[in-house]
Amino acid sequence: MPVYNTGKKTAQYSLDFKLKAVEWSYETHRTVKSVAEALDIHPFMLSKWRKAYRDGEFGMVKSQKNKVKPDKAKDELSALKRRITELEEKSGAWRD
């Protein structure tokens, strides 16, 4: 891919800024376009951030292969682990 020297530097946004932008864009009365205009960013950039957030990749370095799990998945995993522990305790009581 050719390298272009336009003199412009790509803006770097903090993870906190991206998270707030994504959360703001998910509010019911807001659209991606209106949030992007308010934050002075391109709507396509906000859409990419929303996709990364949904996929659990938000804020991860590209070279890392493990994705950050969304909170819902973590909650479900914790609930399943608790249930397994309860079932193991019950089955252990039958053996005694």
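Check the entry above for the structure.
To start, this report covers the structure provided alongside it. Just so you know, these numbers come straight off a predicted model, no measurement behind them. (Residues numbered from 1 in each chain as written. Predicted model: local features only at pLDDT ≥ 70, side-chain atom pairs only at ≥ 80, totals over all residues. Heavy atoms only, no water.)

### With respect to the pattern of salt bridges
Working step 1: This structure, assessed with the given rule, holds four salt bridges.
Working step 2: A salt bridge links aspartate 55 to lysine 51, with the shortest nitrogen-to-oxygen separation between them at 2.7 Å. Of this pair, aspartate 55 and lysine 51 both sit in helix 3 (residues 43–55), four residues apart, which is roughly one turn of the helix.
Working step 3: The partly exposed category is assigned to aspartate 55, whose relative accessible area is 33%.
Working step 4: Residues arginine 83 and glutamate 86 are paired through a salt bridge, measuring 3.5 Å at the closest nitrogen-oxygen approach. You can see arginine 83 and its partner glutamate 86 sitting in helix 4 (residues 71–95), three residues apart, about one turn around the helix.
Working step 5: Residue class for arginine 83 comes out partly exposed when judged on its relative accessible area of 41%. (Salt bridge = Lys/Arg side-chain N within 4 Å of Asp/Glu carboxyl O. Helix = DSSP H or I, 4+ residues; strand = E, 2+ residues; numbered from the N terminus. Buried < 20%, exposed > 50% of the residue type's maximum accessible area, 1.4 Å probe, protein only.)

### Let's talk about the packing of helix 2 (residues 32–39) against helix 3
Working step 1: Running from amino to carboxyl end, helix 2 crosses helix 3 at an angle of 115°, the nearest separation of the two axes being 8 Å. Comparing the axis directions of helix 2 and helix 3 gives the class roughly perpendicular. As for how helix 2 packs across helix 3, the hand of that crossing is right-handed. Judged by residue contacts, Val32, Val35 and Ala36 of helix 2 engage Pro43, Leu46, Ser47 and Arg50 from helix 3.
Working step 2: Counted by class, the contact of helix 2 with helix 3 contains five nonpolar, one polar and one charged residues. (Axes fitted to C-alpha atoms, helices over the stretch in contact; angles between N-to-C directions. Parallel < 35°, antiparallel > 145°, perpendicular 65-115°, else oblique. Left-handed = near helix turned anticlockwise from the far one by under 90°. Contact = heavy atoms within 4.5 Å. Nonpolar A, V, L, I, M, F, W, Y, C, P; charged D, E, K, R; others polar.)

### Regarding helix 3
Working step 1: Its 13 residues place the ends of helix 3 18 Å apart at the C-alpha level, agreeing with the 18 Å of an ideal helix rising 1.5 Å per residue.
Working step 2: For helix 3, every residue scored as buried is listed here: Leu46, Trp49, Arg50 and Ala52. On an axial view of helix 3, the arc spanned by its buried residues comes to 165°, and they lie on one face. Residues of helix 3 that are exposed and angled more than 90 degrees away from the buried face: Phe44, Lys48 and Arg54. (Expected span 1.5 Å × (residues − 1). Arc of directions from axis to C-beta.)

### Focus: the environment of glutamate 23
Working step 1: Its location among the elements puts glutamate 23 in helix 1 (residues 15–25).
Working step 2: In this structure glutamate 23 comes out as partly exposed when scored by relative accessible area, which is 46%.
Working step 3: Considering only alpha carbons, one finds glutamate 23 and tyrosine 53, 30 residues apart in sequence, at a separation of 9.6 Å.

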